[in-house]
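Letter by letter, the chains look like this.
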Amino acid sequence: MHPFFKSFHYAFKGIVHGFLTERNMRFHLLAIIVVSIAGVLTGLTVTEWCIIFILFGGMTALELINTAVERTIDLITNEFHPLAGQAKDLASGAVLVFAFFSAIIGMIIFIPKWL
C-alpha cells in the first residue's frame, strides 16, 4: 500500500479505536445522531448544516486529541505528577469549552425554529 493511503488507514484505525474504547466518544456519536435527526426534522438550511458539521468535526477531533494526550501521559509515567494532571485537565477542559459553545450555537440555530 502506498504510504499516502497507509496514513488514511492509520487515521481511520485511530478513529474506530476511539469510538470503541472511549465512553465520551460514544456519547458524542449519540449526540451527533440525535442532532442530525433533529436537524432533518427541523429543516435546517445549508448554512446551518455547515455550521453543525463543523461543530461535529471539531468535537470529535478534540475528543480524539484529548484521548491522545491522556494516553501519551499514561505511557510516559505511571506515577502522579502535577504537570501530568494539569495536561490531562487542560485537554479535557478544551473539550468541555468546545462542547459548551457548541450547545449554545445549537440553541441559537434550533430554538428560533421551534418557537
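The present account deals with the structure reproduced in this document. (Residues numbered from 1 in each chain as written. Predicted model: local features only at pLDDT ≥ 70, side-chain atom pairs only at ≥ 80, totals over all residues. Heavy atoms only, no water.)

## Brief notes about the overall build of the protein chain
Reasoning step 1: A tally of helices and strands in the protein chain yields 4 helices and 0 strands.
Reasoning step 2: Over its C-alpha trace the protein chain gives a radius of gyration of 17 Å, far above what one expects of a compact globule, namely 13 Å for 115 residues.
Reasoning step 3: In terms of overall dimensions, the protein chain has C-alpha extents of about 55 × 40 × 20 Å along its principal axes.
Reasoning step 4: Expressed as a percentage of the 115 residues in the protein chain, the buried residues total 23%.
Reasoning step 5: A separation of at least 24 residues holds for 69% of the contacts in the protein chain among residues at least 6 apart in sequence.
Reasoning step 6: When the accessible surface of the protein chain is summed, it comes to about 8,200 Å², and 76% of that surface belongs to carbon and sulfur atoms.
Reasoning step 7: Separation between the mean location of the 7 positive side-chain charges and that of the 7 negative ones in the protein chain comes to 10 Å. (Helix = DSSP H or I, 4+ residues; strand = E, 2+ residues; numbered from the N terminus. Rg over C-alpha atoms; globule rule 2.2 N^0.38 Å. Buried < 20%, exposed > 50% of the residue type's maximum accessible area, 1.4 Å probe, protein only. Contact = heavy atoms within 4.5 Å. Areas by Shrake-Rupley, 256 points an atom, 1.4 Å probe, with all protein chains shown as cover. Lys, Arg positive; Asp, Glu negative; His and termini not counted. Charge placed at Lys NZ, Arg CZ, Asp CG, Glu CD.)

## Re the nonpolar core
Reasoning step 1: Core analysis: the largest hydrophobic core is formed by 7 residues, namely I32, L44, W49, I52, F56, I109 and F110.
Reasoning step 2: If near-sequence neighbours (up to four positions away) are discounted, I109 is found in contact with L44, E48, I51 and I52. (Core = buried A, V, L, I, M, F, W, Y, C linked by side-chain atoms within 4.5 Å.)

## A closer look at the packing of aromatic side chains
The description of an aromatic ring pair rests on the distance of the ring centres and on the angle between the ring planes.
Reasoning step 1: The tally for this structure, following the rule as stated, stands at 6 aromatic pairs.
Reasoning step 2: On the basis of an interplanar angle of 85° and a centroid distance of 5.7 Å, the ring pair of F53 and F56 is categorised as edge-to-face. You can see F53 and its partner F56 sitting in helix α3 (residues 46-76), 3 residues apart, about one turn around the helix.
Reasoning step 3: F56 sits in the buried class, given a relative accessible area of 13%.
Reasoning step 4: Ring plane angle 85° and centroid distance 5.1 Å describe the contact between F100 and F101, whose orientation is recorded as edge-to-face.
Reasoning step 5: On the accessibility criterion, F101 (47% relative accessible area) is partly exposed. (Phe/Tyr/Trp six-rings, centres within 6.5 Å; stacked < 30°, edge-to-face > 60°.)

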